[in-house]
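Examination of the molecular architecture
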Amino acid sequence: MDSSLSLGRGHGFAGVKVLRRLARACGVNRQRVNAVRIACERKALAVGGRRHARTGGRILCYHSFGQPECGINDVDPNRFALQIDQALRLGYRFVPAAEIARGGGARTDLAITFDDGFKSVLTRAFPVLSERGIPWSFFVVPLWCDEATRDGTDQILNWRDIERLVAAGADLGSHSMTHPDFGRLDEAAAMAELGESRRLIQARLGVAPDSFAIPFGQSRNWTAFSGRAASEAGYGTVYAQAEKTRPRGTVARTFVTQFDDALVFRALLDGAFDAWEE
């Protein structure tokens, strides 16, 4: 989790220093302090943050549902269903992420994506989306999927799970081989992560993905040479995070956190977090 959270670009959150002092004085776990800080910041932006006007569609990024090991990105399964229904009531139309990535989409177009390949995408999110006929995409770390298939873990999707979801119409992309921070990789390591993950997915499923989601997804987690390596590896689309801070050549997504109640989620749809990074 990135510890340099800010109110958009260039505006520090006033409570950060206070919370850090409290953490040092009381011995509070840093991760918990970060979670409190993020919750406060998202609520503040929802209430009084600037909305960024847009003409195209929006791509949402989720991670897990009822899997607390995912931290602040773990959304309550019931809240996820409520968010989908809230968007439908507000007049949004759900389309494939690739449709927005290619042409921008209409202002009321939304797409759903999932990072990391958590098992709850199958058990909790898939039924909600299937019942409503909503298209979606997911990005897996194939080495983790190999381990899940071998070890039988119930935390990460195995290859049989993935085959089932793809057969049901979900679009599959890569999320790298080992989920590194590409901002810290040299060119050779970036090329290996991008190329080997695509080749392993093809070896397991018979189809090579043409889309890639940047691990961690923020501006500091990507480099110019990673972008060139992604193109050379065969990826036509690279997904990042915030609208206003995404690296050049990438497609923006809007991250959804466990703190996003109806008020925050509405603000998210209205553009309150288009310059926000974790």
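Residues numbered from 1 in each chain as written. Predicted model: local features only at pLDDT ≥ 70, side-chain atom pairs only at ≥ 80, totals over all residues. Heavy atoms only, no water.

A word on the confidence of the model for the chain
For the chain, per-residue confidence averages 91 on the pLDDT scale, and 90% of positions sit at 70 or higher. Considering only residues more than four positions removed or in separate chains, one finds that residues 1-19, a stretch of pLDDT under 50, has 38 contacts. (pLDDT = per-residue confidence, 0-100. Contact = heavy atoms within 4.5 Å.)

Remarks on the packing of aromatic side chains
Overall, the coordinates contain 15 aromatic pairs when judged by the stated rule. Geometrically, the ring pair formed by Phe182 and Trp222 is tilted, given 5.2 Å between the ring centres and 50° between the ring planes. With a gap of 40 residues between them, Phe182 in the loop between β7 (171-174) and α8 (187-205) and Trp222 in the loop between β8 (211-213) and α9 (224-233) connect regions that are remote in the sequence. In terms of burial, Phe182 and Trp222 fall into one category: buried. Cluster of aromatic residues (ring-pair linked, three or more members): Tyr62, Phe65, Phe80, Phe114, Phe126, Trp136 and Phe138. If you follow Arg42 out to its NZ or CZ, it ends over the ring of Phe273, 4.0 Å from the centre. Stacked on the ring of Trp276, the Lys or Arg Arg42 has its end atom at 4.4 Å from the ring centre. (Phe/Tyr/Trp six-rings, centres within 6.5 Å; stacked < 30°, edge-to-face > 60°. Helix = DSSP H or I, 4+ residues; strand = E, 2+ residues; numbered from the N terminus. Buried < 20%, exposed > 50% of the residue type's maximum accessible area, 1.4 Å probe, protein only. Lys NZ or Arg CZ within 6 Å of the ring centre and 35° of its normal.)

A look at the pairing of strand β6 (residues 136-140)
Buried residues dominate β6, accounting for five of its five residues. Neither face of β6 is open: one carries Trp136, Phe138 and Val140, the other Ser137 and Phe139, and all of them are buried. Where β6 meets β7, four bridges bridge the pair, whose relative direction is parallel. The residue of β7 that forms the bridge with Phe138 is Leu172. (Pairing = 2+ DSSP bridges.)

Examining helix α5 (residues 120-132)
Spanning 13 residues, α5 covers 18 Å between terminal C-alpha atoms, matching the ideal 18 Å at 1.5 Å per step. Along α5, the sharpest kink reaches roughly 45°, centred on Phe126 and followed within four residues by the proline Pro127. Within the sequence span of α5, burial applies to Ser120, Val121, Leu122, Ala125, Phe126, Val128 and Leu129. Buried residues along α5 sit against β2 (64-65), α3 (77-89), β5 (109-116), β6 and α7 (159-167). Phi for Gly133, located one or two positions after α5, is positive at around 70°. (Expected span 1.5 Å × (residues − 1). Bend = angle between axes of the 7 residues up to and from the residue.)

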